[in-house]
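Listed here are the chains, written in short residue letters.
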Amino acid sequence: MGLILSLNPGSSSLKAALRAPDLVRSVRVERVGDPEGTLRVDGDTRPFSGDLGAAVDAVAGVCAAPEAVAIRVVHGGDRPGPALWDDALTHELRALVPLAPLHQPGSLETYEHARRAWPDARFVACFDTAFHQALPEASTRLPIPADLAALGVRRYGFHGLSVESVLLRRPDLGDTVVAHLGSGCSVTAVAADHTPRHTTMSFTPTGGMMSATRSGDVDPAILPYLIERHGMTASGLRDLFDHHGGLAGISGRHDVRDLLDADDEAARLALEVFVRSAAMAIASCATTLDDWRALVFTGGIGEHAAGLRDRITCRLPLPRLGVAVHVVESDEELVMDHQARLLAT
Ligand SMILES: Nc1ncnc2c1ncn2[C@@H]1O[C@H](COP(=O)(O)OP(=O)(O)O)[C@@H](O)[C@H]1O
Ligand SMILES: CC(=O)OP(=O)(O)O
Ligand SMILES: [Mg+2]
């Protein structure tokens, strides 16, 4: 079977895996666009301060030409599964930029760079939203009038590829809450039959629990207040809630590694608000399950920050409920590889 390259542009990283179908090469760029960024090719890490386009080009420099390239796209609208990427799809995905402004432009840019690097490959778009198309209406319907809901204002849900990768590795956990804590953070309740019951991110990846630079849910009345009293504009509000909220909003720093190393009050407060936000999201998602059995931590923070995991689980009566805690490495690239093999080879 042929070589497939999976490209996963996240809000702070680019992860790539070349498979045949066994893993041939793994590339990971962390802190994309940051002077302290790194590029890891298999086990070898070096500094890398380039932007996303340069990161895709760096992947191209170390990967043999693939038969197909799978690209993670955060917002796929109502699409229930992956799609072959053509000009019509590019047009469709561009229209969704306002619904995922931190991510959608990066996926489109990744596609453009990858197409230049591998003009003969087939391209597949793999959507974060697709898994959540099976959410019940009681979860997708927001408490707003029907005419606004009919305009498409609804919960979509994100990190679906990550949740699918957890279920691929651990299919037998029973009713599960998956806490994906990365640069973007979301919590999803999944029934034992792998259907989603609820997820915290909503119309866009800005909503839900707080993230590295995103505020998550805030009192909606704050918006008209800031517009009327402080003259804020729509683009100013978008910038505030997407770039200057979350950990960054409270502490001026968005990387949990920096906050754990710091010894100041703002860093401590940011982490405490984060811990509460995660614990509350987990508890509220669990209310949609019939027989809660497992809590899975995944994503960069969920997998690596053991101290924060403990602080979150301490707030939840997990032993009394008989809920087991697991740490499962998110492998969105593996799910994308499977999807592309079915669609493009
Ligand atoms: N060893 C670590 N300890 C604590 N946090 C970590 C560690 N490694 C990574 N992280 C956190 O994980 C975040 C990135 O998560 P990741 O899921 O890889 O990001 P993305 O959302 O870009 O896919 C970083 O912002 C960092 O805060
Ligand atoms: C949807 C989302 O927030 O993705 P990421 O965690 O990669 O930013
Ligand atoms: Mg990610």
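Residues numbered from 1 in each chain as written. Chains lettered and ligands numbered in written order. Predicted model: local features only at pLDDT ≥ 70, side-chain atom pairs only at ≥ 80, totals over all residues. Heavy atoms only, no water.

Further remarks concern the sheet that holds strand β11 (residues 196-199). Remark on secondary structure: sheet strands pair via backbone hydrogen bonds, oriented parallel or antiparallel. Sheet architecture is open: five strands sit in the order β11-β10-β9-β12-β13, paired in mixed fashion. Edge positions in the sheet fall to β11 and β13 (324-327), since each has one partner strand and no second. The average angle at which neighbouring strand axes cross in this sheet is 20 degrees, direction not considered. As paired strands, strand β9 (residues 175-181) and strand β12 (residues 292-298) are joined by six bridges and run parallel to one another. (Pairing = 2+ DSSP bridges. Helix = DSSP H or I, 4+ residues; strand = E, 2+ residues; numbered from the N terminus. Axes fitted to C-alpha atoms, helices over the stretch in contact; angles between N-to-C directions.)

A few words now on the packing of aromatic side chains. As enumerated under the stated definition, the model contains three aromatic pairs in all. Judged by centre distance (4.1 Å) and plane angle (5 degrees), the rings of W85 and Y111 are stacked. Here Y111 lies in helix α3 (residues 104-117) and W85 lies in the loop between β7 (83-84) and α2 (87-94), a separation of 26 residues in the sequence. For the pair W85 and Y111, one class covers both residues: buried. (Phe/Tyr/Trp six-rings, centres within 6.5 Å; stacked < 30°, edge-to-face > 60°. Buried < 20%, exposed > 50% of the residue type's maximum accessible area, 1.4 Å probe, protein only.)

Around ligand 1, the surrounding shell holds 16 residues, and the nearest of these are S12, S13, K15, V256 and G300. The separation between an oxygen atom of ligand 1 and a polar side-chain atom of S13 is 2.8 Å. A distance of 2.8 Å is found between an oxygen atom of ligand 1 and a side-chain nitrogen or oxygen belonging to K15. In isolation ligand 1 exposes 570 Å². Once the protein is present, 85% of that is buried. When atoms are counted within 2 Å of each cavity's grid points, the one that captures over half of ligand 1 is the largest pocket. Taken together, the elements giving at least two residues each to the shell around ligand 1 come down to β2 (13-19), α10 (256-261) and α12 (299-304). Counting residues per element, the shell around ligand 1 draws most heavily on α12, which supplies four residues. Of the residues belonging to the shell around ligand 1, the class tally is three nonpolar, ten polar and three charged. (Near = heavy atom within 4 Å. Polar contact = N/O pair within 3.5 Å; in protein donor to acceptor, adjacent residues only side chain to side chain. Areas by Shrake-Rupley, 256 points an atom, 1.4 Å probe, with all protein chains shown as cover. 1 Å grid on protein atoms, 1.4 Å probe; cavity = no way out; pocket = protein on both sides within 12 Å on 5 of 7 lines; lining within 4 Å. Sits in = over half its atoms within 2 Å of the grid points. Nonpolar A, V, L, I, M, F, W, Y, C, P; charged D, E, K, R; others polar.)

Note that an α-helix has 3.6 residues per turn; residues three or four places apart therefore point the same way. Inspection of helix α13 (residues 306-314) places L308, R309, I312 and T313 among the buried residues, and these make up the whole buried set. Down the axis of α13, the sector holding all buried residues measures 130 degrees, keeping them to one side. (Arc of directions from axis to C-beta.)

In this model, A20 is joined to P21 through a cis peptide bond whose omega is -5 degrees. Phi angles above zero are rare outside glycine, and R31 is one such case at about 55 degrees. With respect to the helices and strands, the residue R31 is situated in the loop between β3 (23-30) and β4 (38-41). The class of R31 is buried, set by a relative accessible area of 16%. Positive phi values are uncommon outside glycine, yet D42 reaches one of about 50 degrees. Inspection of the secondary structure assignment puts D42 in the loop between β4 and β5 (44-47).

With that settled, consider the domain arrangement of the protein chain. By domain assignment, the protein chain separates into domain 1 (4-132 + 340-344) and domain 2 (171-327). With centres defined by C-alpha atoms, the gap from domain 1 to domain 2 works out at 24 Å. At the interface, 13 residues of domain 1 touch 18 residues of domain 2. Summing both partners gives a buried area of about 1,200 Å² for domain 1 against domain 2, and 56% of it is carried by carbon and sulfur. Three residues, R31, L102 and F131, lead the burial of domain 1 against domain 2; their summed loss comes to 40% of the area buried on that side. In this structure, the connection of domain 1 to domain 2 is made through three salt bridges. For E30, the salt bridge identified is with R257, shortest N-O distance 3.0 Å. (Domains from an automatic or database assignment. Contact = heavy atoms within 4.5 Å. Buried area = accessible area lost by both parts, 1.4 Å probe. Salt bridge = Lys/Arg side-chain N within 4 Å of Asp/Glu carboxyl O.)

Looking now at the UniProt feature "binding site: substrate" (unreviewed entry) in the protein chain. According to UniProt, the positions carrying the feature "binding site: substrate" (unreviewed entry) are R72. Setting aside anything within four residues of it in sequence, one finds R72 in contact with L7, N8, P9, G10, S107, C126, D128, H159, L161, E332 and M336. (UniProt positions renumbered as here; feature names shortened; annotations may be inferred.)

Another point: the nonpolar core. One finds V59 and W85 to be the most contacted residues of the largest nonpolar core, which totals 39 residues. Per element, the largest residue contribution to this core is five residues, and it comes from helix α1 (residues 52-62). Beyond its immediate chain neighbours, meaning those up to four positions away, W85 contacts I71, V73, T90, L93, S107, L108, Y111, F123, V124 and A125. Formed by 33 residues, the second largest nonpolar core is a distinct cluster that contains A179, A189, L271 and V275. (Core = buried A, V, L, I, M, F, W, Y, C linked by side-chain atoms within 4.5 Å.)

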